Amino acid sequence: MLLSLLLLAMPVQGVTPTDFDARVIELSTSSDGDEWLPIFFDPTGASVDLGNQIPLDLASQTAPIAEWHHVRIALETEIMIQATDPCGSGQTIYHGIDLTGDPVHDPDGDGVWVLHFATLEHGGSISGDGSVLNPKLLPDSIKPPKGRETRIRVLIRTTEIVRCEDGVVVVDTPEIRVVCDDGSPDIRPLTNQRFQVSCLRVDNNAPLPSLTTLQGILTFDENGSWSASDGFQHSLDVITAAGSAQDFNSLRGLWGTRKDGRVWMTMEGLKGILVGHLGGWDETLAMTSFENEGVSFTLFGNQWPQSSPADPFQQPTRFLHYGARLELLETDPLDGDLVWHDAFGRFSGSGGWIGFDGLVLVNELRWLRVFDPGQHQIVVDSDPLSMPQGAPFNVVTTGGEMDLNLLDWNQQHHGSVISDGRFTLSSPSDHTDLAHGIGMTLGIPWTASPSSLTGQTLNGTYFSDIKVEGGTLPAAGRFSVSFDSGGVVQWKQQQVVEGQMVVQEFSGTWTMDPEAMVEIDLPGVGRWRGQLSESPRILGLVSSPNGTNGFDDRFIGLLLWH
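In this text the structure is predicted, and so the values were computed from the model without any measurement.

Conventions and cut-offs
- Residues numbered from 1 in each chain as written.
- Predicted model: local features only at pLDDT ≥ 70, side-chain atom pairs only at ≥ 80, totals over all residues.
- Heavy atoms only, no water.
- Helix = DSSP H or I, 4+ residues; strand = E, 2+ residues; numbered from the N terminus.
- Buried < 20%, exposed > 50% of the residue type's maximum accessible area, 1.4 Å probe, protein only.
- Contact = heavy atoms within 4.5 Å.
- Areas by Shrake-Rupley, 256 points an atom, 1.4 Å probe, with all protein chains shown as cover.
- pLDDT = per-residue confidence, 0-100.
- Phe/Tyr/Trp six-rings, centres within 6.5 Å; stacked < 30°, edge-to-face > 60°.
- Core = buried A, V, L, I, M, F, W, Y, C linked by side-chain atoms within 4.5 Å.
- Pairing = 2+ DSSP bridges.
- Axes fitted to C-alpha atoms, helices over the stretch in contact; angles between N-to-C directions.
- Disulfide = S-S within 2.5 Å.

1. Brief notes about the overall build of the chain
A count of helical and extended segments in the chain gives zero helices and 41 strands. The buried share of the chain, reckoned over its 562 residues, is 55%. Considering only contacts within the chain whose residues lie at least 6 apart along the sequence, 59% involve residues at least 24 apart. As displayed, the chain offers around 22,200 Å² of accessible surface, 48% of which is attributable to carbon and sulfur atoms.

Right under this line is the structure:
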């Protein structure tokens, strides 16, 4: 195993240090939390400059072939920082953080800050404080493959942690995360690749959620960092009905992969880590973030080709779409509905019609803005959206860019054509529009048989919005589905509920028709419908109108081959 210290960019309103000197004493890993294998140990501490964004490899250790569920890291509690004075003097300041004797970081006062991490099954938590009894979350267990190197990566936030408060310089305690990957830089499947991505982020910490849609091209560099280009971000505050839009070409972060297709990313502006999966053909990404209570973040993406066709609808094409729009009622400008919906249908010729395979499902969160903006009267309607089986649309494609206008919905979506019959979408193309969403297209195979799914276990991520008492509850998570013989399906999902990560497992049945349209039924839980697509090799799912929970649950998920 190899220890690398990297930077995790998690912005706080402040200044980023030019130098950030710390001393690492230990990094160890364990299978059971009792017996520890030291990867690195130096009682005097190894000095590292965390202001230098080049990964630093401290040590390596041969490890037995086993599954490791715990990681322990120890730092000296005195950390020195050099930065520009955030209080406006323009001078360079030197500031120290001394956590010696701190009841959270150094309760015994020995000058060593020890942090424990564990997988969910072994007590790890997104709200963990890093103590032995309450470890922080290790997103995945560490499985060193035979003859391959596994890197344990310690990510330490240094971005914008120095700030001015009432004229006094304050330095926030750096946040530390641990992840791992088992690919060296020259064999990582994402290295030097470009992906077109669409993202939906919902912050549900306020009385009503705020929504953010992002779309752009991500380039994954060989040094373990990524950057964005042609990016666009649109935000909506539901309470004030105010939207804003901006480019985000400067957005960047870190990334790593695992042999089993799992991927992790950090993203500036998002606290924590995105985790998910890369398809077996290295052409599709599906990721989510677990580490923010009340925040749901989903990212879908396709590999960006060298050239793109002008018309994405030359082959039979279905689509998945998940969106939310804010409707201000014409009868009273102080009333409104936040409407969540998902759609599953097909295109029929460029500039023609968009057809829906079944009802478009809707959750409506009705609210009343009164003179006191802190008060809201919330009721929920759950009704199918009345739509014809065919609805008009038009498409404009220019150099790989695409604008799709759903005329009956009065929604304009912007995206990128990936290849014949494939594109990704995020909404809106018009930043004054009060609609948000993500979309993916799915090619309909010419021939299909249930045998193509039988025996497969697919992994992916999802976004859902569930009707609850007094409102709706957005959530994002990871899931895996095993398609057994005899039409039996095993479903396992992970998501954050009330600040804690939970794992749920269900059994049910599955069917597939000649057009590779799949239905999954989990009795007492829900029912989903979707399309098995050969290019890209994915299974996309949305809610089924005849599901267990009827119109109360919205859902979109991508399951990937590995």
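From this point, the discussion proceeds with the structure in view.
2. With respect to the confidence of the model for the chain
On average, residues of the chain score 79 in pLDDT, and 79% of them reach the 70 mark or higher. Element-level pLDDT for the chain is lowest in strand β1 (residues 2–7), with a mean of 53, against a maximum mean of 94 in strand β38 (residues 517–522). When the criterion is pLDDT under 50, residues 7–12 qualifies, and its contacts beyond four places in sequence or with other chains add up to 35 contacts.

3. A word on the packing of aromatic side chains
Counted according to the given criterion, the structure contains 13 aromatic pairs. Taking the centre distance of 5.7 Å and the plane angle of 85° together, the rings of F220 and W255 count as edge-to-face. Taken as a pair, F220 in strand β15 (residues 210–220) and W255 in strand β18 (residues 252–257) lie far apart in primary sequence, 35 residues in all. Side by side, F220 and W255 carry an identical accessibility label, which is buried. Summarising the aromatic geometry, the rings of F479 and F555 are spaced 5.9 Å apart at their centres and angled 85° between planes, so their arrangement reads as edge-to-face. With F479 in strand β35 (residues 471–483) and F555 in strand β41 (residues 553–560), this residue pair connects regions lying 76 residues apart in the sequence.

4. Let's talk about the nonpolar core
Judged by nonpolar contacts, the single largest core of 37 residues is most densely connected at I81, F117, V162 and I176. Top contributing element to this core by residue count: strand β3 (residues 36–49), with five residues.

5. Thoughts on the sheet that holds strand β37 (residues 500–512)
Strands sit in the order β34-β35-β36-β37-β38-β39-β40-β41 around a closed barrel of eight strands; the barrel is antiparallel. Direction aside, the axes of adjacent strands within the sheet are offset by 25° on average. Bridge analysis of strand β40 (residues 537–543) against β41 gives five bridges, and the strand direction is antiparallel. Residue pairing in the sheet places I538 in a bridge with L560 of β41.

6. Quick word on the state of the cysteines
Under the counting rule described, the total for this entry stands at one disulfide. Paired through a disulfide, C87 and C164 show a sulfur-sulfur distance of 2.2 Å. Taking the torsion about the sulfur-sulfur bond, which here is approximately 105°, the covalent link between C87 and C164 counts as right-handed. Residue C87 is located in the loop between β6 (78–84) and β7 (92–98), and its partner C164 is located in strand β11 (residues 162–165); the two are separated by 77 residues in the primary sequence.

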